[in-house]
Protein chains: 2
Amino acid sequence: MLVVGAGILGLSISYHIKEHAPSKDVFLVDRFAAVAQGNTARSNAMFRNTFTSRDNVALADSSIDYYLEVQNELGIDLGLKKCGYLWLMSERQASKGEANIRKLKNCGIELREYTREDLQRLLPALRSEFSASDEARLMDLESIAAGIFGEKCGRLDPTKLANYYKERFLALGGKIAVNTNVTSLIVEPRQPLGIEGEPFTWQESNVAGAKVEGAFHGELRAKKTIVAAGAWNNELLEPIGLDGHVKAKKRQLFTLTAKKSEELERLLRTRTFSSEGFPFAILPKNACFVKGVEENREFWVGCDDDFNRPFINVPDANLEDCKPEPEYFERSLYPILRQYFPAFEGSRAGQMWAGYYAYNTLDSIPFAFEENDLIVAGGQSGSGIMKADALGRIVEALYRLGEDGDATLHGGRGYRIRNLGFKNRSVEREEWVI
Amino acid sequence: MLVVGAGILGLSISYHIKEHAPSKDVFLVDRFAAVAQGNTARSNAMFRNTFTSRDNVALADSSIDYYLEVQNELGIDLGLKKCGYLWLMSERQASKGEANIRKLKNCGIELREYTREDLQRLLPALRSEFSASDEARLMDLESIAAGIFGEKCGRLDPTKLANYYKERFLALGGKIAVNTNVTSLIVEPRQPLGIEGEPFTWQESNVAGAKVEGAFHGELRAKKTIVAAGAWNNELLEPIGLDGHVKAKKRQLFTLTAKKSEELERLLRTRTFSSEGFPFAILPKNACFVKGVEENREFWVGCDDDFNRPFINVPDANLEDCKPEPEYFERSLYPILRQYFPAFEGSRAGQMWAGYYAYNTLDSIPFAFEENDLIVAGGQSGSGIMKADALGRIVEALYRLGEDGDATLHGGRGYRIRNLGFKNRSVEREEWVI
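A. Representation of a nonpolar patch on the surface within the structure. Residues Leu 138 of chain A together with Leu 193 and Ile 195 of chain B make up a contiguous nonpolar surface patch of about 240 Å² in total accessible area. In this fold, Ile 195 of chain B is placed in the loop between strand E9 (180-189) and strand E10 (205-214). Since its relative accessible area comes to 39%, Ile 195 of chain B is described here as partly exposed.

Here it is in structure tokens:
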């Protein structure tokens, strides 16, 4: 059993397979120098269970439960803080979102609703009224009319979570090879004839492992190969005639220190929504967001704008082309931020970095399928960490039971494996994109 | 109104828009030296109405009706021959396909069923029994148990059809610029501020035309831009953050002369299924097919195998990398062909060429959607010519009515436009892939 990609998904898959069948040889390879050094390390690493899609809820809610249990019951620090998500909504957004909010509440998802007055009281640093501002009118900024707070939401430390899976996997006897780059998948006829040029069209053929370079070199042969290469899926799959079903889009994060401003320090220590700190705040414009990282006395800010931000089919191997753009902060992000939180006036980006979301552009729901002894999983579209445990369990079940089986997520919920495949795909479209 | 791509789809779209609104300026551009010189020219140009998906039936059946009317009523030669499709099926395939065949018959699709004995009588050159052959066992070839003949199926001349649309479009005052390569789409803020670096994230922006090089040079500005670039969709769409929703896969055609063999000449002149010649015959192995081109005294053969035939995200501009592989004919195709039609024993490929299918890997059904003043259509997945008229009408209606409208296909059938979009996609998966 060969698993390609030791990001958070590959780690979760490898652990769950090994956990279910400790006697099985599971070999996990990654091109980076350590596990979780690709887009996992670059992630904002937020989690939420506030989705309208039953599939997203199943995947995220059960993964969050698992992470909470690991930290709270097993006592393993994952850097997890249930600080909550706070959607700051315009009148228009609030009325558009009303049905979704009702749906979520009916499904038992923990939500609190706030009026503008509540917000002014609980978050005095927020500016909610823009009707008199020329600049806001120019930028088409809307006043804030309401807030929605998701309780079972927050942040975690992706490296700690990755290391948790890694240690458990290694303790069970799993093997990891880093600095090991998969250059191609091996396709071979099931019944080789020993003729030059095989496999021919009329031969049934299958994936029989991978060719690698680096710390390991040569052919790694396996009865089953699992590709969980995230944004790099296409690099391995397109050459053998399969679509990797993801496209990468760069996302950037910028840190803003709170150290120089009494006001920002106070904002960072907000406890009026959650005892675990400033909630992850989503502004009504372009899904700009502000995250508090109290232990570093800083905020992280970013934006999930979509149109005119390029898609990349196969990112460069080491993400060297994936650079943050200071002018993106200055000209696109900061002008919005300082309007809603005037305390950020004059703030400049400190650290900045970028990584790729691996989008499934069809429906933004993850996928997992098997074809010709190859299992492919991915398409988490920016919510990979918060769904990694569930998707890992589904891939383990797919490996063991095939597409017609049912996976059991943490907490005992069942999930029909084939719903996440492409042949019989049956997922509910997500309506609440951030 | 700018249309990018003068393949069969771009031509059909341009004609239908102009036909509906003759006063509208419609400018059609293409990078090749003439219209329909990309994958349209390289196509096998077959048509069939035998689909299980109601969407495929609507698109193909109405397009075929239109092409028949153009040739038969308007007297314009499209090289259209209703020679039929003949599926030669193994026992296994016949029993697997039974429900589909019943469904098609119930929908009024003209099908004839043949037993093995019928086939032996009507097509004596066919070898249908393999149980005693070691070679066939080695290649896993199945005996033929039954045949299904689709009547409203056949072949046409893609250049003649393209020229029909072109002439009609020009006669209505449409403009075409060939040798004009679109290098990028122009994205601009709706309300420009005249600041360097626009559009910023907080500005609403739209596609405002395209930058071109070649015979025309500079910016072609348009209120609405339509991309119908087939296999090259991604080249224009990914840079502006949209998925082109296609991946290209090379398909090859090889000609086999009938001139040197009495037996092949006789096979080519088969009239037992249709008065219009040898039916398009699909073998039970890997969807290998044989097409008769009686006027050239030759057959065309090819194969729609899938696994291990690479996907290409953006093909090279002039298809220079798209080469046929003689060894593919010799080692993969010929060995199958000579088993089912021993008359091909010793045949060698004469002409050969290759082109790209532009696959929508999601469901193989075409798509059409609008976003930010840009309309995108494509994803015909190898059946572009047989659906080009209907898809052109749907794009015309999308342009005029938006996604919530209904298109009227030839013959008066309605079609819900948004079913072909991605936001509210609702199409029936096709079960009969060749």
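Having seen the model, we can carry on.
B. Quick peek at the pairing of strand E10 (residues 205-214) of chain A. All names here are of chain A. Most of E10 is tucked away, with seven of its 10 residues classed as buried. Here four bridges tie E10 to strand E11 (residues 218-221), and the two strands are oriented antiparallel to one another. Following the sheet pairing, Lys 211 is matched in E11 by Glu 219. Linking E10 back to E11 in an antiparallel pair, the connection comprises three residues.

C. Representation of the sheet that holds strand E1 (residues 2-4) of chain A. Residue and element names in this part refer to chain A. Across the sheet, six strands lie side by side as E8-E2-E1-E12-E20-E19; this open sheet has mixed pairing. If you trace the sheet from one side to the other, it starts and ends with strand E8 (175-177) and strand E19 (367-371), each paired once. Across this sheet, the average inter-strand angle for adjacent strands is 15 degrees, counted without regard to direction.

D. Representation of the interface of chain A and chain B in the model. On the chain B side, the residues contacting the 49 residues of chain A number 48 residues. The junction of chain A with chain B conceals about 3800 Å² of combined surface from both sides, 53% of it contributed by carbon and sulfur atoms. When the area that chain A buries against chain B is broken down by residue, the three leading residues are Thr 201, Trp 202 and Phe 307 of chain A, summing to 22%. At the junction of chain A with chain B, the criterion picks out four salt bridges. We note a salt bridge from Asp 243 of chain A to Lys 247 of chain B, for which the minimum N-O separation is 2.8 Å. Counting residues per element, the ones that place at least two in the side of chain A that touches chain B are E10, strand E13 (247-257) and helix H9 (326-340) of chain A. Examining the composition of the side of chain A that touches chain B, we find that five residues originate from one element, H9 of chain A, more than from any other. Here the residues of the side of chain A that touches chain B sort into 21 nonpolar, 15 polar and 13 charged.

E. View of the relation of the copies chain A and chain B. It takes a turn of 180 degrees to lay chain A on chain B, together with a shift of 0.0 Å along the axis; the resulting RMSD is 0.0 Å. Such a combination of rotation and displacement between the chain copies is what one expects of a two-fold axis. The share of interface residues of chain A whose copies in chain B are also at the interface is 98%, consistent with both copies meeting through the same surface.

The rules behind the values
Residues numbered from 1 in each chain as written. Chains lettered and ligands numbered in written order. Predicted model: local features only at pLDDT ≥ 70, side-chain atom pairs only at ≥ 80, totals over all residues. Heavy atoms only, no water. Patch = residues over 30% accessible without salt bridge, like charges linked within 9 Å, V, L, I, M, F, W, Y side chains within 5 Å. Areas by Shrake-Rupley, 256 points an atom, 1.4 Å probe, with all protein chains shown as cover. Salt bridge = Lys/Arg side-chain N within 4 Å of Asp/Glu carboxyl O. Helix = DSSP H or I, 4+ residues; strand = E, 2+ residues; numbered from the N terminus. Buried < 20%, exposed > 50% of the residue type's maximum accessible area, 1.4 Å probe, protein only. Pairing = 2+ DSSP bridges. Axes fitted to C-alpha atoms, helices over the stretch in contact; angles between N-to-C directions. Contact = heavy atoms within 4.5 Å. Buried area = accessible area lost by both parts, 1.4 Å probe. Nonpolar A, V, L, I, M, F, W, Y, C, P; charged D, E, K, R; others polar. Least-squares fit on C-alpha atoms with pLDDT ≥ 70 in both.

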